[in-house]
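Residue strings, one per chain:
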Amino acid sequence: MLTLFHAPQSRSGRILWLLEEIGVDYGIRYVDIFRAMTLSGARDPANPHPDGKVPALLHNRALVTESAAIALYLTDLHPEANLGAPVGSQDRGAYVTWLAWTAGEMEPAFWGKISGAAETDPNARARYDAAIARLLTALATGPYLMGDRFTAADVMIASAVAWGREYVPESALIDAWLERALNRPANARATARDGTPPGAVQAA
Ligand SMILES: N[C@@H](CCC(=O)N[C@@H](CS)C(=O)NCC(=O)O)C(=O)O
């Protein structure tokens, strides 16, 4: 049994999308989180994540946290979905590299841009420029990050880029890739299950 601990409009949305892509049975436990950008919400005692964050995935009694680790865990668990790359396959190196890159390089690089550090700190600027260059280089071959095949790397990175689109340079390549990825039926199903954060104004 797979259970995703999820908070609406947060990083766990990308795992919701991935679970829909895989097409496996899963349950969602909606939990509250502290939201630093709006100073709202609070750590939820029902959330087993050791830091009170999302995503957290419970597979039977095994707890997995960190988006990249969860993506790897799920695509290894369900190789038939062809969204990852099995150990020993030709694509494995590139696949684990993309997943580790999202957490180790892309997110810190984007936060450097969002916080303004990239405007004043040459190291933050270089890290951001390198992240954008790596994305554009992959998409110049495309149509997906790993070539012809849509993978969980596209889920992870497209969801982050879509969230922070204004912090990523204008690019027809990026826009076309985002459209291809975000228009997938599994993303629509995930969006429908995403939910509304507590206290948010509901659309009329
Ligand atoms: N590196 C973690 C980051 C998780 C994270 O920061 N999640 C945010 C939601 S977008 C959260 O749960 N924040 C609650 C808190 O900071 O207490 C991952 O990718 O899984």
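Residues numbered from 1 in each chain as written. Predicted model: local features only at pLDDT ≥ 70, side-chain atom pairs only at ≥ 80, totals over all residues.

Draft legend 1. Geometry of the environment of W177. Assignment of secondary structure puts W177 in helix α7 (residues 172-182). According to the C-beta neighbour criterion, W177 is buried, with 22 such atoms within 10 Å. For the pair W177 and D154, spaced 23 residues apart in sequence, the C-alpha separation works out to 9.0 Å. The residues contacting W177, other than those within four sequence positions of it, are L139, G142, P143 and A158. (Helix = DSSP H or I, 4+ residues; strand = E, 2+ residues; numbered from the N terminus. Buried ≥ 20, exposed ≤ 12 C-beta atoms within 10 Å, placed from the backbone. Contact = placed C-beta atoms within 7 Å.)

Draft legend 2. Fine view of the site of the ligand. Taken together, the residues surrounding the ligand are S10, R11, I33, F34, R43, G52, K53, V54, P55, E66, S67 and A103. When its residues are assigned to classes, the shell around the ligand shows five nonpolar, three polar and four charged. (Near = placed C-beta within 6 Å. Nonpolar A, V, L, I, M, F, W, Y, C, P; charged D, E, K, R; others polar.)

Draft legend 3. Fine view of the environment of D154. Of note, D154 is situated in helix α6 (residues 152-163). Considered as a pair, D154 and L83 are 71 residues apart in the sequence and their alpha carbons are 9.3 Å apart. With near-sequence residues (within four places) excluded, D154 lies in contact with Y144, L145 and A181.

Draft legend 4. Representation of the domain arrangement of the chain in the model. Here the domain parsing of the chain yields domain 1 (2-82 + 187-194) and domain 2 (92-184). Computed from C-alpha atoms alone, the centre-to-centre distance between domain 1 and domain 2 is 21 Å. At the junction of the two partners, domain 1 supplies 12 residues and domain 2 supplies 11 residues. Listed by contribution, the elements that provide at least two residues to the side of domain 1 that touches domain 2 are α1 (12-22) and α2 (67-77). Its residues placed into classes, the side of domain 1 that touches domain 2 shows five nonpolar, four polar and three charged. (Domains from an automatic or database assignment.)

Draft legend 5. Just the packing of α1 against α2, in detail. Contact pair α1 / α2: the axes reach a minimum separation of 10 Å and the direction vectors enclose 10 degrees. Between α1 and α2, the angle falls in the class roughly parallel. The residues of α2 that touch α1, namely those facing R14, I15, L18 and I22, are S67, I70, A71 and L74. Looking at the contact of α1 with α2 residue by residue, the class counts come to six nonpolar, one polar and one charged. (Axes fitted to C-alpha atoms, helices over the stretch in contact; angles between N-to-C directions. Parallel < 35°, antiparallel > 145°, perpendicular 65-115°, else oblique.)

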